Structure formats: C-alpha cells, structure tokens
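# Structure assessment
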Amino acid sequence: MSTIALSIEGETVTTKLAMRMEDSLQAFAVRAACFIGELDVPYSEEFDGHDFGATHIIAYVGDEPVGTLRVRWFQSFAMPERLAVIQRFRGHNIGNLLLERCRKLAESRGCNMLYAQALPADVKYWEKQGWRRLVAEEASSGDKRIVAMVRAVDPSKPLPEVEAPESVVLRREAQLDASGLPLGTASN
Amino acid sequence: MTEEKTSGASNRPVVTIKLATTSDELMQCYMLRAAVFMGEQHCPYWEEFDGNDYTASHLMLYVDGEPAASMRVRWFASFAKLERAIILKRYRSYGLFIPFVDWARDFCRKKGYSKAYLHAQHRLWPIFERMGFRKVDDKVFHFSDHEYGAFVCDLAIDEKTMPTIFTDPMVLNRPEDRLEMPGILEDSMERGASNPHAEWTERRAN
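Residues numbered from 1 in each chain as written. Chains lettered and ligands numbered in written order. Predicted model: local features only at pLDDT ≥ 70, side-chain atom pairs only at ≥ 80, totals over all residues.

## Comments concerning the overall build of chain B
What chain B contains, in helices and strands, is seven helices and eight strands. Counting only C-alpha atoms, chain B reaches 60 × 50 × 45 Å along its principal axes. The buried share of chain B, taken over its 206 residues, is 26%. Considering only intrachain contacts with a sequence separation of at least 6, the fraction spanning at least 24 residues in chain B is 58%. (Helix = DSSP H or I, 4+ residues; strand = E, 2+ residues; numbered from the N terminus. Buried ≥ 20, exposed ≤ 12 C-beta atoms within 10 Å, placed from the backbone. Contact = placed C-beta atoms within 7 Å.)

Okay, structure coming up:
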C-alpha cells in the first residue's frame, strides 16, 4: 500500500460505509459527477441495478463527499467497482484509501480475494498496487475492453485457486439473467 | 443521437416531461444535477444539495426514456420559483430548454400561480428575455461562482379552472401534473367509506 494522504488543505480525509439513505445519495452523486457528467455514461448504464445489493464506501474531505467505491459480494470473492473521485480532489491517493478500506472490509468478512475489472490502459497501475491479471495476457487479448484483475486480501496468504471461470466473471453488466445476477452466478 | 434517418418521424427522439413522483425519478433528478453541477461546474455537494430538495417539486424530462433534464420548483405564497434547471451535456443540442421551461411555466399556471420567478445566470439573460421573462430589478448577485439576476414572468391563470378551496376536493387530490385526469384516490371511492379506525387502545402495543 502506498502512502495515504490524511489531510488535504487542512481538511481531514476520512472514509465510511454508506449506512443511511443520505450517505448512499452522496456516493451516487459522486459517481454521477464523474461518470455521467465527465465521461458521458448514460444514467441507465451507470445505475445498473446492482446498487442496492452492494456496499458503498465513501471518502470525505472534511464533510464534503469526494470519492466512492462500490463493493459487490460473491461467494469466492469481493468485487470493488465504480471507483470515482471528484476531479479537483484527484492526485491525493483517495482511490487507494477507498480500495484499502474495501480490502479491510473484505478481510473482516473472511473473504480472501478481490476481483476487479480494469481498463487495459490501467493494468500497469493496478499491478503496482499488488493486483495481477486473472488470466495470462495472451488469453485476455482480442476485442475485450476490460481486463480481469485479482488480488489477495491478505498479502501473506497465497491467492486461492480461482473458482469463477473467466466466462462468468468477465461478463459485462448488461448481460444479466432473470434474477439480476451475472449469468452463471445464481445457484438455482 | 444518431443522424441516420430511414423513415422520417419514427426516428425522432421521444421527449417526455413529467413531475417526479417516485423515489427512482427523484434519484434520477439528483444524479443529473450531480453530473452537471458537481461534474461539469465543480459545485460542492453541500451547495448543490442545499436542503431545499424536500420542500420542492421536481420536474423530469426524458429522451427516449433516458433521464435527460431536470428542474426544481419551489412554491412561495405569491410565486413559484424555478431553479436547478439542467440538461445533460449529450442532450444540449436537442432544443429542449425552451419547451421544458414552457412546460414548467404551464405547470405553475395550472396550479394557479400567476408568477414564475427565477435566478438566471448572466449568460442566459437574453434567452429568458426572449421567453417573456423580465428583470425584477437591476441587482446582480452571485453565489456558487456564478452571477445572477432575478427574473419574473406573469402567467395567465384561468380563474375558472385554477385550484381554490372551492375546487372539487377529489380534483385537489389528483397528481399535480395531471389535475385534469382522475387520480388513484378517485378509484378508491368505489370501496365506499368503511371508516376503518381501530380504537387507540387496540392499536397500542402490549
């Protein structure tokens, strides 16, 4: 873990889990600012139906919500996603702070693998943070736009054999079965 | 929007405007505002979500079902205040602003408000003047990094149809953007009045 800024311009940086409706709205507002406002993602893609089965971590500078990370829970792994930090607060390692909070949360739940989908251009960054590709580079090339990355929750424990086949975990959000879960993850 | 047109009118985007009436629609409204004010204009969260959202009505505009624009209306005794009007970046070339403000004005008018009031960003003054708004006074004030002027527009209320305390009570109970159509409480009248009150003693937990 790289060093984490504890204060920005005299304001303390903190993280918390969304517990109340207002907390969730703050998390959603940060994502809307970054993904819809900056990156032009359509509303219906950004708010994809998974928000109410997930845990939201929020970062604050003072009392201003400036970053958020969504964590979805699967049987064999936890999936951090939708990492967003408000533009003018970037460059202070707030993303790392959120991911570290996610790692600790996963640890406290006895989960030993984090799984994330990264853009090909960001893979080097993730690797520096202790993540590795789920499958060898050659296998994940082609027209796929995302790279599956995994990381041990406890660095001293080896990563368990990955149970989820790539075909399941690599599916994009849009491809859901009737129960709203990624195809193949529902047991019934 | 893709510009490919095969059969004319059928390719035109479908624009729907309505009062936000569910928590999903409210969420859409807030997220559009976060996208534009926080994402594009760098407004802090607590200035954007200023505590007045739960005393207001929120209007939503959809393009082909996708949330595209929103506006907040607050109700003062003698005027309605239009505020927080935004259009998502990708929909800004669609010519939505004037029809949306017109819809909002008509909504206020049908509720019986004779004045629509707003704080217009300096760059938008000519547009509001063209739409029939006039400056309230010469004051220029600023908040959240923008310069504003207060504008007002007279609305031609219809004294015969505007809601008053003498309006049919069931009309006053209707959804506010569809006062001319029967609402769900009118359907409930079929059930009659059984006055299902339990006595206070029976309601009390043991």
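Picking up after the structure, the text goes on.
## Thoughts on the overall build of chain A
Across its full length, chain A carries five helices and eight strands. Starting at the N terminus and walking to the C terminus, you meet the elements of chain A as β-β-α-α-β-β-β-α-β-α-β-β-α. For chain A, with 188 residues in total, the buried portion stands at 32%.

## Focus on the pairing of strand E3 (residues 54-61) of chain A
Residues and elements named next belong to chain A. Here strand E2 (residues 11-17) pairs with E3 via five bridges, running antiparallel. Bridge pairing links Thr 15 to Ala 59 in E3. Counting the residues in the hairpin turn of E3 and strand E4 (residues 64-73) gives two residues, including Gly 62, whose phi is positive at 65 degrees. (Pairing = 2+ DSSP bridges.)

## Things to note about the domain arrangement of chain A
Residue and element names in this part refer to chain A. Under the domain assignment used here, chain A contains domain 1 (12-110) and domain 2 (112-172). Counting from both sides, the interface comprises nine residues of domain 1 and, opposite them, nine residues of domain 2. When contributions to the side of domain 1 that touches domain 2 are tallied by element, the ones reaching two or more residues are strand E5 (78-85) and helix H3 (94-108). Of all the elements, E5 adds the most residues to the side of domain 1 that touches domain 2, at four residues. Within the side of domain 1 that touches domain 2, the residues separate by chemical class into five nonpolar, one polar and three charged. (Domains from an automatic or database assignment. Nonpolar A, V, L, I, M, F, W, Y, C, P; charged D, E, K, R; others polar.)

## Thoughts on helix H1 (residues 23-40) of chain B
Between its first and last C-alpha, H1 of chain B extends 24 Å over 18 residues, near the 26 Å set by a 1.5 Å rise per residue. A maximum bend of about 25 degrees is found in H1 of chain B at Ala 34 of chain B. Buried positions along H1 of chain B lie against helix H1 (21-38) and helix H2 (43-46) of chain A together with helix H2 (45-48), strand E2 (56-63), strand E3 (66-75) and strand E4 (80-87) of chain B. Backbone geometry just after H1 of chain B places His 42 of chain B at a positive phi near 60 degrees. (Expected span 1.5 Å × (residues − 1). Bend = angle between axes of the 7 residues up to and from the residue.)

## Details of the confidence of the model for chain B
Residue and element names in this part refer to chain B. For chain B, per-residue confidence averages 92 on the pLDDT scale, and residues scoring 70 or more make up 92% of the total. Low confidence marks residues 1-7, where pLDDT is under 50. Its contacts with residues over four positions away, or in another chain, come to three contacts. The complex model carries a pTM of 0.85, and its ipTM stands at 0.85. (pLDDT = per-residue confidence, 0-100.)

## What to know about the packing of H1 of chain A against H1 of chain B
In the contact formed by H1 of chain A and H1 of chain B, the axes pass within 7 Å of each other and the chain directions differ by 65 degrees. The hand of the H1 of chain A/H1 of chain B crossing is right-handed. Facing Leu 25, Phe 28, Ala 29, Ala 32, Ala 33, Cys 34, Ile 36, Gly 37 and Glu 38 of chain A of H1 of chain A, the residues of H1 of chain B in contact are Tyr 30, Met 31, Ala 34, Ala 35, Val 36, Met 38, Gly 39 and Glu 40 of chain B. Looking at side-chain class alone, the contact of H1 of chain A with H1 of chain B contains 13 nonpolar, two polar and two charged residues. (Axes fitted to C-alpha atoms, helices over the stretch in contact; angles between N-to-C directions. Left-handed = near helix turned anticlockwise from the far one by under 90°.)

## Description of the nonpolar core
Most often, soluble globular proteins keep nonpolar side chains buried together rather than apart. Membership of the largest hydrophobic core comes to 84 residues, with the highest contact counts inside it found for Ala 29 of chain A together with Met 31 and Ala 69 of chain B. Sort the elements by how many residues they give to this core and H1 of chain A lands first, with ten residues. For this core, the two domains that each supply at least three residues are domain 1 (12-110) and domain 2 (112-172) of chain A. (Core = buried A, V, L, I, M, F, W, Y, C linked by C-beta atoms within 7 Å.)

## Topic: the interface of chain A and chain B
Where the parts come together, the accessible area they lose is often given as the size of the interface. Each partner contributes to the interface: chain A provides 19 residues, whereas chain B provides 18 residues. Of all the secondary-structure elements, those providing two or more residues to the side of chain A that touches chain B are H1, H2 and E4 of chain A. When residues of the side of chain A that touches chain B are assigned to their parent elements, the largest contribution, ten residues, is made by H1 of chain A. Partitioning the side of chain A that touches chain B into residue classes produces twelve nonpolar, three polar and four charged.

## A few points about the environment of Asn 96 of chain A
Mapped onto the elements of the fold, Asn 96 of chain A is located in helix H3. Separated by 13 residues in sequence, Asn 96 of chain A and Leu 83 of chain A place their C-alpha atoms 9.8 Å apart.

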